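Listed below are the residues making up each chain.
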Amino acid sequence: MFRDIEIKYFNGTHRAIDPLETINRNEKMIKIAGITRITDITNLDRVGIPVYSAIRPSAQYGGISIYAGKGVTKTQAKASAIMEGFERYSAEYQSKDEFRVKNGNFEDIENKIDMNDLIIPKNCIYDENNIQWIKSMDIASEKEYYIPVNAVFHPYANKDFSHLFKSNTNGLASGNFLEEAVLHGIFEVVERDAWSIYERTKKNNKQISADSIENSLIKCVLNKFKDVNINIKLIDITTDSKIPTVIASADDTMLKDSALLTLGVGTHLNPEIAVLRALTEVAQSRVTQIHGTREDTVRADFLRKAGYERMKRINKHYFQEDEDKLNFEDIENKSSNSLKTDIGRSIEELNKCGLDKVLFTDLTRHEVGVNVVRVVIPKAELYSVDSERIGQRLIDFSN
């Protein structure tokens, strides 16, 4: 099903082409997606790790209209912000999607996914005969399944049909090739699954010894934080999926602002990339809070009222130093130089831990030409995205 596309760019991320080429290919299409401005907001924070924002006022149904992109270089951050804008545009339900959506009686839908595997909130009351459905393909078996439109498009705001849960962007990903989008969609769902389990159970964790990391680029990024009195804690939260997932927590010991007790999470078959994604996401989180214009930062008001020391105590599992630390080289690197191989290795690891289906729906909008997909992994946890959704994996980890 997938082409064997070589990964050629390895500087802080794994991509099939250079981020500059990504920008050159796609920047001319941003107006079609409703993106009106791309802005460098790096210098709003004293850390200096590149962060860009993409502004898209036409976002549907009151959805977030300012998106951030991050990277170890400004080119990466700009490309990231642009691609985030394309993802949000492509994920919105459009009139042309009607031809592939089934509005049907539950019993008439063949090869539908088991609704229990989607982790529907217990308090959700819905009419199973009043759900919109769309085809999604299982990567391993290449078998098509119908899944609820609610799990694919975002925002999902059709008032004529049952809503199973709050729509979100988990597993929404873009790429220069379909294969690249699928791989990064998988990583995001795995990331949220691991973070959900850690946030709820505090069990799947081990602090990584920063001194054991030899990668010069990671050291450089860590030093950017250290030089401005921001303590970073790296936590390995990899689950039974064995796909490396890392949290980076940041404690600004100079400002002591509770709103700047920020986190970043990264997942990748290569643990070095997982760490860099977590670290650059921390930088993005800090700038987003400082920027103050993104619509989802209202939580900062609550955090500041709660107070710095209190928030550190409440979240000590993120900020308290552990005595026993993990040597970074003990985290296995399972990545390759092939998108197809990395997809296959990810599927293999997921299947081993009972996540037996990895579905994707192609959301590529041809007027834009950027590959966008929604990846859904039934049974994967989403507690970190939606605290009302608690599945069997989370329950099993809790016991």
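First, a word on scope: everything that follows refers to the structure included in this document. All values reported here derive from a predicted model rather than from experimental measurement.

1. Examining empty space enclosed by the protein
- Enumeration over the complete set of coordinates arrives at two cavities of 30 Å³ or more.
- Roughly 190 Å³ of internal volume is contained in the largest cavity.
- Of all the elements, strand 13 (residues 371-376) adds the most residues to the lining of the largest cavity, at three residues.
- Tallied by class, the residues present in the lining of the largest cavity amount to 13 nonpolar, four polar and four charged.

2. Section: the sheet that holds strand 2 (residues 51-55)
- A sheet is described by the order of its strands in space; here three strands give the open sequence 1-2-3, paired in antiparallel fashion. If you trace the sheet from one side to the other, it starts and ends with strand 1 (37-40) and strand 3 (66-70), each paired once. On average, each strand axis in the sheet is tilted by 25 degrees relative to the strand beside it, whichever way the strands run.
- For strand 2 and strand 3, the ladder comprises five bridges, and the chain directions are antiparallel. The residue bridging valine 51 from the neighbouring strand is lysine 70, located in strand 3.
- Each of strand 1, strand 2 and strand 3 touches helix 2 (residues 74-91); the most contacted strand, strand 3, lies at about 145 degrees to it.
- The sheet strands contacting helix 5 (residues 271-291) are strand 2 and strand 3, and the helix crosses strand 3 at an angle near 145 degrees.

The rules behind these values
Residues numbered from 1 in each chain as written. Predicted model: local features only at pLDDT ≥ 70, side-chain atom pairs only at ≥ 80, totals over all residues. Heavy atoms only, no water. 1 Å grid on protein atoms, 1.4 Å probe; cavity = no way out; pocket = protein on both sides within 12 Å on 5 of 7 lines; lining within 4 Å. Points joined across faces, edges and corners; volume = space filled by probe spheres on them. Helix = DSSP H or I, 4+ residues; strand = E, 2+ residues; numbered from the N terminus. Nonpolar A, V, L, I, M, F, W, Y, C, P; charged D, E, K, R; others polar. Pairing = 2+ DSSP bridges. Axes fitted to C-alpha atoms, helices over the stretch in contact; angles between N-to-C directions. Contact = heavy atoms within 4.5 Å.

Interpretation note: all reported values are geometric properties and have no functional meaning in isolation.
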